[in-house]
Protein chains: 2
Amino acid sequence: MSLHSLPMAGNTHKFQAPKGTRDFYPPAMAVRRYIESVWREVSINHGFEEIDGPTFEHLELYTAKSGPGIVSELFSFRREGGDADYALRPEFTPTLARMYASAAQTLPKPVKWFCIPNFFRAERPQRGRLREFFQWNADIIGDDSPSADAEVIAVTVGVLEKFGFTPDQVKVKISHRDVVRDLLMHLGIKEQDLQTTFELIDRRDKIPDHEFEASLGQLGLSIDRIYDIKRLSGAPFEIGEEYQIAEYFEGVPKSGIESLERLGSELRDRGLRPWCHYNFSIVRGLAYYTGTVFEVIAEGERSVAGGGRYDKLVELVGGPLTPAVGIAMGDVVLRLILEDRGLLGETEEYLPRPDVFVISALDDDGGQMRKLVADLRRSGLHARHSYRATKNVGKLLGEAGKVRARFAVILGKELEDGAVALKDLESGDQREVKVELLVQTLKDALGK
Amino acid sequence: MSLHSLPMAGNTHKFQAPKGTRDFYPPAMAVRRYIESVWREVSINHGFEEIDGPTFEHLELYTAKSGPGIVSELFSFRREGGDADYALRPEFTPTLARMYASAAQTLPKPVKWFCIPNFFRAERPQRGRLREFFQWNADIIGDDSPSADAEVIAVTVGVLEKFGFTPDQVKVKISHRDVVRDLLMHLGIKEQDLQTTFELIDRRDKIPDHEFEASLGQLGLSIDRIYDIKRLSGAPFEIGEEYQIAEYFEGVPKSGIESLERLGSELRDRGLRPWCHYNFSIVRGLAYYTGTVFEVIAEGERSVAGGGRYDKLVELVGGPLTPAVGIAMGDVVLRLILEDRGLLGETEEYLPRPDVFVISALDDDGGQMRKLVADLRRSGLHARHSYRATKNVGKLLGEAGKVRARFAVILGKELEDGAVALKDLESGDQREVKVELLVQTLKDALGK
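Predicted model only: the values in this text are computed from it and were never measured.

The rules behind each value
Residues numbered from 1 in each chain as written. Chains lettered and ligands numbered in written order. Predicted model: local features only at pLDDT ≥ 70, side-chain atom pairs only at ≥ 80, totals over all residues. Helix = DSSP H or I, 4+ residues; strand = E, 2+ residues; numbered from the N terminus. Rg over C-alpha atoms; globule rule 2.2 N^0.38 Å. Buried ≥ 20, exposed ≤ 12 C-beta atoms within 10 Å, placed from the backbone. Arc of directions from axis to C-beta. Contact = placed C-beta atoms within 7 Å. Domains from an automatic or database assignment. Pairing = 2+ DSSP bridges. Nonpolar A, V, L, I, M, F, W, Y, C, P; charged D, E, K, R; others polar. Least-squares fit on C-alpha atoms with pLDDT ≥ 70 in both. pLDDT = per-residue confidence, 0-100. Axes fitted to C-alpha atoms, helices over the stretch in contact; angles between N-to-C directions. Parallel < 35°, antiparallel > 145°, perpendicular 65-115°, else oblique. Left-handed = near helix turned anticlockwise from the far one by under 90°. Core = buried A, V, L, I, M, F, W, Y, C linked by C-beta atoms within 7 Å.

Quick notes on the overall build of chain A
Each helix and strand counted, chain A has 15 helices and 18 strands in total. In terms of overall dimensions, chain A is more spread out than a globule: its C-alpha atoms have a radius of gyration of 29 Å, far above the 22 Å expected for 448 residues. By its C-alpha atoms, chain A is 95 × 60 × 50 Å across when sized along the principal axes. A buried classification covers 45% of the 448 residues belonging to chain A.

Structure (structure tokens):
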């Protein structure tokens, strides 16, 4: 290839972003950074520490967890001439478990980790589902108490509250694998039919009532029992009123109710009662959940986030037997719901706001504007200037206002005396300031 | 797959991160976030706006820019059953050009964009070179003036300065494709030998002196001319002393020197003279550079960053003819040099510092500690507590100190009167505070 010619090859068709991926121009990027900052700030306030792993992993890390069926949902590849298969990460938990497993000896118990990586799924893009998306994960590893479950729910509610949601708009629906299994067996479901029943309950909202009833009937259940299971998977129970479950399903094993009562007590201590209720229709398809499972549902039954306890995964990837519980919230559905709810302001509001916009009204300032802008930036201020040729101060102030600059500095005749005009773009006040005092004056006014 | 058993398959060998990638545990992640925050803050202060693109692109975007030879350096793949070839991004410029090209009609001129994405190269990992790394990019698109070149150099120096580098430690070495070509032709290099000569100059530091001379001799140059080219590609020229180049290479075309003079003047206006000099041995292999090129070199001749003007790329990917100039700085070499220079503190210093660590000295606080911690977090404070069973206040204060908490709150007998002890962990001062005043007292003390 020559240094001075480019490989043109008449190849001037427009390239596009791959299907299901996004270009983030500044306003969209600013909103993404806002969402990430809420995730990050609330996670840190709750004592979680940030981690990250590689964007791709050995393919077998995913098949070990999810079986070979997962491969068709992954973007997988191999380096030219290499012998290992890799896949773009479709979720974080396998990486998390791998990282914990390989450092388990030296890590404290528990660790509380969060991350905000991007993930990839080779599925057909649709509203709310993309091929590349961002997702917040928060996990507590090494604590098997209901307190850890409650902490994960607490940080989730903290995030929802920070975004501006109220308990009327979103609910954390909580279930427990063991409790539901006990209840189902108590209601006459045989061990070998448990899996089918879980799947039925999981799909309950998507199939007609009569089909749901008929399917349960085929498992040999009486009308009364079918009604009980509809009750179980239907109306929610309140946190703190676990006794109602025991009353309703007379004779159900005490241990499950007690386990819920402990979780309920932890949730109430943290003031989470208004945000949560039990809903035993929450199954969550993932096979690896072992205890508490929960899902954040917004009005309109859209799932915003989900998680639960997975006490066997760290062992599965080669670490010691280690209890773990976590939550994941993606950016795509979240953003749609924030928009629907009016919880996102005008996109431009998220763009960083300039501290100062420097305007030269002089025909030739001898490089003074560039020097001043450079000095302001070097002192840590966000300083801009116009790239237009105009010297019309009114127009340039208009540009400063459009990018929401806090102050304008105008270089005019006063520059001969070593002074500039400083205009507060909120109050409109304007005064003269010596150039050598400008940085300190601005920093004081901005509280920087 | 059953809900209650996991796909064990005896598969309990330890999984590892793919070769050339990194696991970021909390301390390493905190340092990464520090590096990113410097890149981001300085970019914003200089008026750049953040963007991002997809992690993978159509493979042909990269072959269009770099030719088919690039493929072996990429991680490329195809979705199962899909018909498009993709590649993990090895650099940002093709995405940037694509994004600009597809929105060129609606974008202002110039746009100043920065990004901090991860990139992937399928090469053999070695010190300073990984298969996945992070890289800051800053570009000005739509401005062909030397002022834009100077602004890109200014934001680069701003970043270096913010990291704590001094001009003794790093230098921006600047060259210009056209000027060097003019000089070489003036010195007797024939048009058809320009490419070879550029390549020789690029490799000058890596080959013995006599080999360099012999290769130039083979191009038919006299001893004097070989000496001139050694001078040209050797000692630097100072910014603002462009006339020396003209004096040294008598008869060289004026236009090139004038072009450097304009750039030099822009750099001096911005106070960048101590950080920069001309060094015509900087070629930068990438074929697409069209004017100014520059490289940030740390002592020991390690390249920390590099960039230049690429006025034809936007057109190449289907947009209008658009001038552009940019810089890229990776995280891997940067971090090594920051460490070598002692410019990184103890890793733990980068971890977020808790505002308050809550300690319960009571045998049974009836959930009061959890409630208090939850309230503190809800009010936006970073609050932690111990996960250990001990009630030994001394030990727990030790834990609070270890995570560098700013304050400790101790729940003791005073809780009966609705009060707790608040201890300033920097001064050691301790006082009693009513529980209902705790949040405000802490916020005032922390200036939040």
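As for helix α12 (residues 331–340) of chain A
All of the buried residues in α12(A) are Asp331(A), Leu334(A), Ile337(A) and Leu338(A). On an axial view of α12(A), the arc spanned by its buried residues comes to 135°, and they lie on one face.

Here we look at helix α6 (residues 194–202) of chain A
Counting along an α-helix, one turn takes 3.6 residues, and residues three or four places apart therefore face a common direction. Residue and element names in this part refer to chain A. For α6, the complete set of buried residues consists of Thr-197, Phe-198, Leu-200 and Ile-201. Taken end-on, α6 shows its buried residues confined to a sector of 160°, consistent with a single buried face. Elements that come into contact with the buried residues of α6 comprise α5 (177–186) and α7 (209–218).

Looking at the domain arrangement of chain A
Domain assignment breaks chain A into domain 1 (26–50 + 96–340), domain 2 (55–88) and domain 3 (352–446). For domain 2 of chain A versus domain 3 of chain A, the separation of C-alpha centres amounts to 54 Å.

Regarding the pairing of strand β17 (residues 419–424) of chain B
All names here are of chain B. Relative to β17, strand β16 (residues 407–411) is paired through four bridges, and the arrangement is antiparallel. Paired with Val-409 across the strands is Leu-422, a residue of β17. Relative to strand β18 (residues 430–434), β17 runs antiparallel, the two being bridged by five bridges. Counted as the bridge partner of Val-420 is Val-433 from β18. Hairpin connection from β17 to β18: five residues lie between these consecutive antiparallel strands, with Gly-428 at a positive phi of about 85°.

A look at the interface of chain A and chain B
Facing 82 residues of chain A, the contacting portion of chain B comprises 82 residues. Here the side of chain A that touches chain B is built from residues that sort into 38 nonpolar, 23 polar and 21 charged.

Examining the pairing of strand β12 (residues 302–309) of chain B
On a regular strand, each side chain points to the face opposite its neighbour's, so the side chains alternate between the two faces of the sheet. Residues and elements named next belong to chain B. Counting buried positions along β12 yields six of eight residues, so the element is predominantly enclosed. As paired strands, strand β11 (residues 292–298) and β12 are joined by six bridges and run antiparallel to one another. Note that in β12 the partner of Phe-294 across the bridge is Gly-307. Where β12 lies against strand β13 (residues 324–330), five bridges are found, and the strand directions are antiparallel.

Brief notes about the relation of the copies chain A and chain B
Between the two copies, chain A and chain B, the superposition gives an RMSD of 0.0 Å; the rotation angle is 180° and the shift along the axis is 0.0 Å. Such a combination of turn and shift is consistent with a two-fold rotation axis. For chain A, the smallest separation between a C-alpha atom and the rotation axis is recorded for Phe77(A), amounting to 2.6 Å. In this assembly, 100% of the residues forming the interface of chain A have copies in chain B that are likewise at the interface, indicating an isologous arrangement.

Let's talk about the confidence of the model for chain A
All names here are of chain A. Per-residue pLDDT for chain A has a mean of 91; in total, 97% of the residues score no lower than 70. Overall, residues 1–12 carries pLDDT values under 50, and its contacts beyond four positions in sequence, including any with other chains, amount to 15 contacts. Scored by ipTM, the complex comes to 0.94, with pTM at 0.94.

Considerations on unusual backbone geometry
All names here are of chain A. Omega for the peptide link from Lys-109 to Pro-110 comes to -5°, which places this bond in the cis form. For Pro-110, the position within the fold is in the loop between α3 (93–103) and β5 (111–115). Its identity as a non-glycine residue notwithstanding, Arg-404 has a phi of 60°, on the positive side. With respect to the element layout, Arg-404 can be found in the loop between α14 (393–402) and β16 (407–411). Judged by C-beta crowding, with 15 C-beta atoms within 10 Å, Arg-404 ranks as partly exposed.

Comments concerning the environment of Val296(A)
Following the sequence through the fold, Val296(A) ends up in strand β11 (residues 292–298). Remark: the alpha-carbon pair of Val296(A) and Val172(A), spanning 124 residues in sequence, is separated by 4.4 Å.

Some points on the packing of α5(A) against helix α10 (residues 254–269) of chain A
Between two packed helices, what matters for the description is the angle formed by their axes and the separation of those axes. All names here are of chain A. Closest axis-to-axis distance for the α5/α10 pair is 9 Å, and the angle between their directions is 150°. Classed by the angle they form, the pair α5 and α10 counts as roughly antiparallel. Relative to α10, the crossing made by α5 is left-handed. Side by side, α5 and α10 meet where Asp-178, Val-179 and Asp-182 of the first sit next to Gly-256, Ser-259 and Leu-260 of the second.

Quick notes on the sheet that holds strand β15 (residues 383–385) of chain A
Residue and element names in this part refer to chain A. Reading across from one edge, β15-β14-β16-β17-β18 is the order of the five strands in this open sheet, with mixed pairing throughout. The strands lining the two open edges of the sheet, one partner per strand, are β15 and β18 (430–434). The sheet shows a mean angle of 30° between the axes of neighbouring strands, direction not considered.

Brief notes about the nonpolar core
Counting residues in hydrophobic clusters, the biggest one holds 250 residues, and the most contacted among them are Ile153(A), Val356(A), Val409(A), Ile153(B), Val356(B) and Val409(B). When residues of this core are assigned to their parent elements, the largest contribution, 10 residues, is made by helix α4 (residues 146–163) of chain B. With sequence-adjacent residues up to four places away left out, Ile153(A) is seen in contact with Val172(A), Leu267(A), Leu272(A), Cys276(A) and Phe294(A).

What about the sheet that holds β17(B)?
Residues and elements named next belong to chain B. Spatially, the five strands line up as an open sheet ordered β15-β14-β16-β17-β18, and their pairing is mixed. At either margin of the open sheet sits one strand with a lone partner, and together these are β15 (383–385) and β18. On average, adjacent strands in this sheet sit at an angle of 30° to one another, irrespective of strand direction.

Digging into the environment of Arg388(A)
Structurally, the position occupied by Arg388(A) is in the loop between β15 and α14. With 358 residues separating them along the chain, Arg388(A) and Ala30(A) place their C-alpha atoms 25 Å apart.

Thoughts on the packing of helix α1 (residues 26–45) of chain A against helix α4 (residues 146–162) of chain A
All names here are of chain A. The N-to-C vectors of α1 and α4 enclose an angle of 135°; their axes lie 9 Å apart at closest approach. Between α1 and α4, the angle falls in the class oblique. Classified by chirality, the crossing of α4 by α1 is right-handed. Mapping the contact onto sequence places Val-38, Trp-39, Val-42 and Ser-43 in α1 and Val-155, Gly-158, Val-159 and Lys-162 in α4.

Thoughts on the environment of Leu334(A)
Residues and elements named next belong to chain A. Its location among the elements puts Leu-334 in helix α12. With 27 C-beta atoms counted inside 10 Å, the residue Leu-334 sits in the buried group. The spacing of Leu-334 and Gly-345 is 11 residues in sequence and 15 Å in space, taken between C-alpha atoms.

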